[in-house]
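These are the residues of each chain, in order.
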Amino acid sequence: MGANGGGLALPERLRLPVCFLGVFACYFYYGILQESITRGKYGDGARQEKFTFALSLVFIQCVINAAFAKLLIRFFDSVRADRTHSWLYAACSLSYLGAMVSSNSALQFVNYPTQVLGKSCKPIPVMLLGVTVLRKKYPLAKYLCVLLIVTGVALFMYKPKKGAGGDDHIFGYGELLLLLSLTLDGLTGVSQDHMRAHYQTGSNHMMLNVNLWSTLFLGAGILFTGELWEFLSFTERYPSIIYNILLFGLTSALGQSFIFMTVVYFGPLTCSIITTTRKFFTILASVILFANPISTMQWVGTVLVFLGLGLDAKFGKGVKKTSH
C-alpha cells in the first residue's frame with residue numbers, strides 16, 4: 001500500500017510525531033467523551049437519568065466517519081478506483097456495527113478501565129480463530145504473549161467476595177457485551193483483510209463504504225425500535241450532550257484517519273505500539289478524572305496486559321499456515 005492510500009503527504013521527519021500526537025490526542029479525548037456521555041448522570045435528584053441510546057450514538061459516529069472519509073477521497077484520494085463488491089462492505093459493516101454498539105452498551109454495566117482492557121484483548125479471539133478454524137501455527141512467543149494477556153485480564157477481573165450481601169460479580173452483562181464486541185472485531189478484521197487481499201481496497205474507500213452501510217442499517221434500527229424519538233427527546237431535555245456527541249464523532253473520524261496514516265507510513269507494528277500506549281494512558285486518565293477505583297491487583301493485571309500487547313507487537317507477528 002503506497003503513501004497515497006492514507007491521505008496527506010507529510011515531510012518524512014514530521015510523519016512520526018504527527019501520527020503519534022494525532023492518534024494519542026484524538027483517542028485520548030474520544031475515551032474521555034465516551035465515558036462522559038455513556039456513564040454521566042443527567043438531571044437532578046430523583047429525576048436523574050442515564051444515557052442508554054447506544055444505537056443513536058453509533059449512528060451519529062458512522063455519519064461523521066462517512067462524511068470525513070468522503071472528504072478525504074474527494075481531496076486526497078480521488079485517483080484510486082474502488083472495485084470492491086457492495087455486499088462485502090455490507091457484511092463487514094454488520095460485524096463493525098455490532099462491535100461498536102456492544103462496546104458502548106457495555107459501559108452501562110462496567111467502568112471505562114474494564115472496557116478499555118477488555119477491548120485490548122483482540123489477540124485472544126484472533127489466535128483462537130486462527131488455530132481452530134484457519135489451521136494456523138503460531139510461534140511460541142505469540143502463545144507466551146497471549147498467556148500474559150489472559151493472566152492480566154484474570155487478575156483485573158478477579159474480585160474477592162466481600163460477604164453474603166455483596167453484589168459483586170466476576171462476569172456479567174458488561175463483560176458478556178465486551179466478549180461479543182471482541183468476537184465481532186475479529187470478524188471485521190477477517191473481512192477487511194479479505195478485501196485488501198482480493199480487491200486492494202483503499203483505507204478511505206473502506207472507511208466510507210463500511211460507515212455508509214452502517215448508517216443505513218442503524219438508521220433502520222433506530223426508526224424501527226423507536227429509539228430515535230426517545231434520543232431526540234433526551235437531547236431536548238439535555239441539549240449540552242449534543243456538543244459532546246458531535247465531538248465524539250469527530251475525534252473518532254480524525255483518530256481513524258491518523259491510524260490509517262500510521263499504518264501506511266510505518267506499518268502495523270508502530271501503529272500497534274502507539275495505540276497500546278494510548279490505551280494505557282486512557283485508563284490512567286479515567287482513574288484520575290472519573291474516580292474509577294482500581295486496586296493494586298488490577299494495576300498489576302493492567303500492566304501484564306499491556307506488556308503482553310507490547311511484546312506481541314514486537315515478537316509475535318510470525319505466522320505459518322499448515323501444510324494441509
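Residues numbered from 1 in each chain as written. Predicted model: local features only at pLDDT ≥ 70, side-chain atom pairs only at ≥ 80, totals over all residues. Heavy atoms only, no water.

Asks: I'm lost on the packing of aromatic side chains in this one. Help?
Replies: The description of an aromatic ring pair uses the distance of the two centres, along with the angle that the planes make with each other. In the structure shown here, the tally under the stated rule is 14 aromatic pairs. On the basis of an interplanar angle of 50° and a centroid distance of 5.7 Å, the ring pair of Phe-109 and Tyr-173 is categorised as tilted. Taken together, the positions of Phe-109 in the loop between helix H3 (86–106) and helix H4 (112–119) and Tyr-173 in helix H7 (residues 173–199) put the pair 64 residues apart, joining distant regions of the chain. For Tyr-173, a relative accessible area of 64% translates into the label exposed. Seen from the ring of Phe-75, Arg-74 lies directly overhead, with NZ or CZ sitting 5.6 Å from the centre. (Phe/Tyr/Trp six-rings, centres within 6.5 Å; stacked < 30°, edge-to-face > 60°. Helix = DSSP H or I, 4+ residues; strand = E, 2+ residues; numbered from the N terminus. Buried < 20%, exposed > 50% of the residue type's maximum accessible area, 1.4 Å probe, protein only. Lys NZ or Arg CZ within 6 Å of the ring centre and 35° of its normal.)

Asks: Where do I start with the pattern of salt bridges in this structure?
Replies: It is possible for side chains bearing opposite charge to pair when their charged atoms get close. Counted under the stated rule, the structure contains 1 salt bridge. Here Glu-49 and Arg-237 are joined by a salt bridge, their closest N and O atoms 2.9 Å apart. Taken together, the positions of Glu-49 in strand S2 (residues 49–50) and Arg-237 in helix H9 (residues 227–237) put the pair 188 residues apart, joining distant regions of the chain. Judged by its relative accessible area of 24%, Glu-49 is partly exposed. (Salt bridge = Lys/Arg side-chain N within 4 Å of Asp/Glu carboxyl O.)

Asks: Sorry if this is basic, but what is going on with the packing of H4 against H7 here?
Replies: Working note: a packed helix pair is described by the angle between its axes plus the distance between those axes. Running from amino to carboxyl end, H4 crosses H7 at an angle of 30°, the nearest separation of the two axes being 9 Å. Taken together, H4 and H7 sit at an angle that is classed as roughly parallel. As H4 runs across H7, the sense of the crossing is right-handed. Contacts from Thr-114, Gln-115, Gly-118 and Lys-119 of H4 reach H7 at Leu-178, Ser-181, Leu-182 and Asp-185. Across the contact of H4 with H7, the residue classes break down as 2 nonpolar, 4 polar and 2 charged. (Axes fitted to C-alpha atoms, helices over the stretch in contact; angles between N-to-C directions. Parallel < 35°, antiparallel > 145°, perpendicular 65-115°, else oblique. Left-handed = near helix turned anticlockwise from the far one by under 90°. Contact = heavy atoms within 4.5 Å. Nonpolar A, V, L, I, M, F, W, Y, C, P; charged D, E, K, R; others polar.)

Asks: Help me out: how do you make sense of empty space enclosed by the protein in this one?
Replies: Over the atoms rolls a probe the size of a water molecule, and its path tells where empty space is left. Considering all chains together, one arrives at 1 cavity of 30 Å³ or more under this definition. The space that makes up the largest cavity amounts to roughly 30 Å³. Taken together, Phe-28, Gly-31, Ile-32, Glu-35, Tyr-112, Thr-282, Ala-285, Ser-286 and Phe-290 form the lining of the largest cavity. At the level of elements, helix H1 (12–39) and helix H10 (240–289) are the ones that each hand at least two residues to the lining of the largest cavity. (1 Å grid on protein atoms, 1.4 Å probe; cavity = no way out; pocket = protein on both sides within 12 Å on 5 of 7 lines; lining within 4 Å. Points joined across faces, edges and corners; volume = space filled by probe spheres on them.)

Asks: Can you help me understand the confidence of the model for the chain in this one?
Replies: One rule of thumb: low pLDDT means the predicted coordinates there are not for detailed reading. Per-residue pLDDT for the chain has a mean of 81; in total, 86% of the residues score no lower than 70. When mean pLDDT is compared element by element in the chain, H9 scores highest at 94, while strand S4 (residues 320–321) scores lowest at 45. Low pLDDT, under 50, characterises residues 1–7; the stretch is placed with 19 contacts to residues that sit more than four places away or in other chains. Taken together, the stretch residues 319–324 has pLDDT below 50 and engages in 10 contacts with residues farther than four places along the chain or on a different chain. (pLDDT = per-residue confidence, 0-100.)

Asks: Is there a simple way to explain the environment of Ala-285 in this structure?
Replies: Within the fold, Ala-285 resides in helix H10. Residue Ala-285 is classed as buried on the basis of its relative accessible area, which comes to 9%. For the pair Ala-285 and Phe-28, spaced 257 residues apart in sequence, the C-alpha to C-alpha distance is 8.5 Å. Aside from chain neighbours lying at most four places away, what touches Ala-285 is Phe-28 and Phe-290.

Asks: Help me understand the nonpolar core in this model?
Replies: The nonpolar side chains of a soluble globular protein tend to be buried with one another. Among the nonpolar cores identified, the biggest contains 33 residues, and Ile-37, Tyr-42, Phe-51, Phe-234, Ile-241 and Ile-245 are the most heavily contacted of them. For this core, the secondary structure elements donating two or more residues are H1, helix H2 (54–76), helix H8 (203–225), H9 and H10. Here this core takes 10 residues from H10, the largest share from any one element. In contact with Ile-37, not counting residues within four places along its chain, are Tyr-42, Phe-51, Leu-57, Ile-241, Asn-244, Ile-245 and Phe-248. (Core = buried A, V, L, I, M, F, W, Y, C linked by side-chain atoms within 4.5 Å.)

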